[in-house]
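An overview of the molecular structure
Chain by chain, the residues run as shown.
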Amino acid sequence: MDGSEDSIRSALSLVNQYSKFSGLKPNYDKTQCIRIGSTVHTDDNLCDKYQNLMWSQEPFTVLVRGDCRDGWTKFQGSCYLFASEAATWAEAVSYCLSMNSNLVEIGSATENAFLEGELKIIHGHDSHSKNQNEVSYWLGGNDMEIEGSFTWAKSGNPVTFTDWNPGQPDDYSNGEDCIELQGAMDYHWNDLPCTNRHRFICESS
């Protein structure tokens, strides 16, 4: 893929499809529009054509050279994006899809420990900090179809590795079907209503 308008248009087709589906509203800032490799395209005409590329205050990163896109973190063959914006679980799924990725599926204690470590770095506190309530990130698991039987949204596979906080999942008030990673619970997992708005983690293999 190069920096031509045709290649950009092709890459954006899926982005636009899912951004419209999810209802996420972009904010237009034509001083930073399309980033490919080390090149940032800021031509006004090009920006006018692709203003739907914007999401929140940041531009979508379409593609960069190297193992992971700009802003993504590499670990054991996957790239991870720790989104700073809050979204419902369904919106998070749609956003990750628009980035050619999926809401993260955690398959091992090693992967779980990596994500925990990255979040501690991002939020600047250790596992015993009192300022952890802001650390709530959607994972890709849910039990919408069969209560108590959690599966991963991308693969449909059952959630085998787990790191639930003691007493969780509890399906409080019969309305908690989606999995979050919660800093206030010492970075263990918790179930929450899928309509709550939290940050999220995308994974691209």
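Turning next to the pairing of strand S12 (residues 188–192). Sheet faces and side chains relate simply in a regular strand, where the side chains alternate between the two faces. Within S12, 4 of the 5 residues are buried, which leaves it mostly tucked inside the rest of the structure. The pairing of strand S11 (residues 178–182) with S12 spans 5 bridges and is antiparallel. The residue of S12 that forms the bridge with leucine 181 is tryptophan 189. Hairpin remark: S11 followed by S12, antiparallel, with 5 residues in the connecting loop; positive phi at aspartate 186, about 60°.

Summed over all chains, the structure comprises 7 aromatic pairs. Between tryptophan 152 and tryptophan 189 the ring centres are 6.2 Å apart and the planes differ by 75°, which places this aromatic pair in the edge-to-face class. Of this pair, tryptophan 152 sits in strand S10 (residues 151–152) while tryptophan 189 sits in strand S12, placing them 37 residues apart in sequence. Like tryptophan 189, tryptophan 152 is buried. The structure contains a cluster of three or more aromatic residues connected by ring pairs, namely Phe150, Trp152, Phe161, Trp164 and Trp189. Above the ring of tryptophan 72, the side-chain terminus of arginine 69 is found at 4.0 Å from the ring centroid. Directly above the ring of tyrosine 187 sits lysine 120, whose terminal nitrogen or CZ lies 5.3 Å from the centroid.

For soluble globular proteins, the rule of thumb is that nonpolar side chains tend to be buried together. The biggest cluster of nonpolar side chains holds 20 residues, and the ones touching the most others in it are Tyr80, Leu115, Leu139, Trp189 and Ile201. Going through the elements one at a time, strand S7 (78–87), helix H4 (109–123), strand S9 (136–142) and S11 are the ones with two or more residues in this core. Broken down by element, the residue count for this core peaks at 3 residues, all from H4. Residues Trp72, Trp89, Cys96 and Cys194 belong to the second largest nonpolar core, which totals 18 residues.

Criteria and cut-off values
- Each chain has its residues counted from 1, following the order in which its sequence is written.
- In keeping with the predicted nature of the model, local features appear solely for residues at pLDDT of at least 70, side-chain atom pairs appear and are counted solely at 80 or more, and the whole-chain, interface and lining totals rest on all residues.
- Note that water and hydrogens are dropped before the side-chain values are worked out from all heavy atoms of the structure.
- Classification of residues uses two cut-offs on accessible area relative to the type maximum, computed with a 1.4 Å probe and protein chains only: under 20% is buried, over 50% is exposed, and between them is partly exposed.
- A run of H or I in DSSP counts as a helix once it spans at least four residues, and a run of E counts as a strand once it spans at least two, with each numbered from the N terminus.
- Two strands qualify as a pair provided DSSP detects at least 2 bridges between them.
- Aromatic rings from Phe, Tyr and Trp, with only the six-membered ring used for Trp, were paired whenever their centres fell within 6.5 Å, and each pair was classed as stacked if the ring planes differed by under 30 degrees, edge-to-face if by over 60, and tilted otherwise.
- The rule for a charge over a ring is simple: NZ of Lys or CZ of Arg within 6 Å of the ring centre, and within 35 degrees of the ring normal.
- What makes a nonpolar core is a set of buried Ala, Val, Leu, Ile, Met, Phe, Trp, Tyr and Cys residues whose side-chain atoms join them at distances within 4.5 Å.

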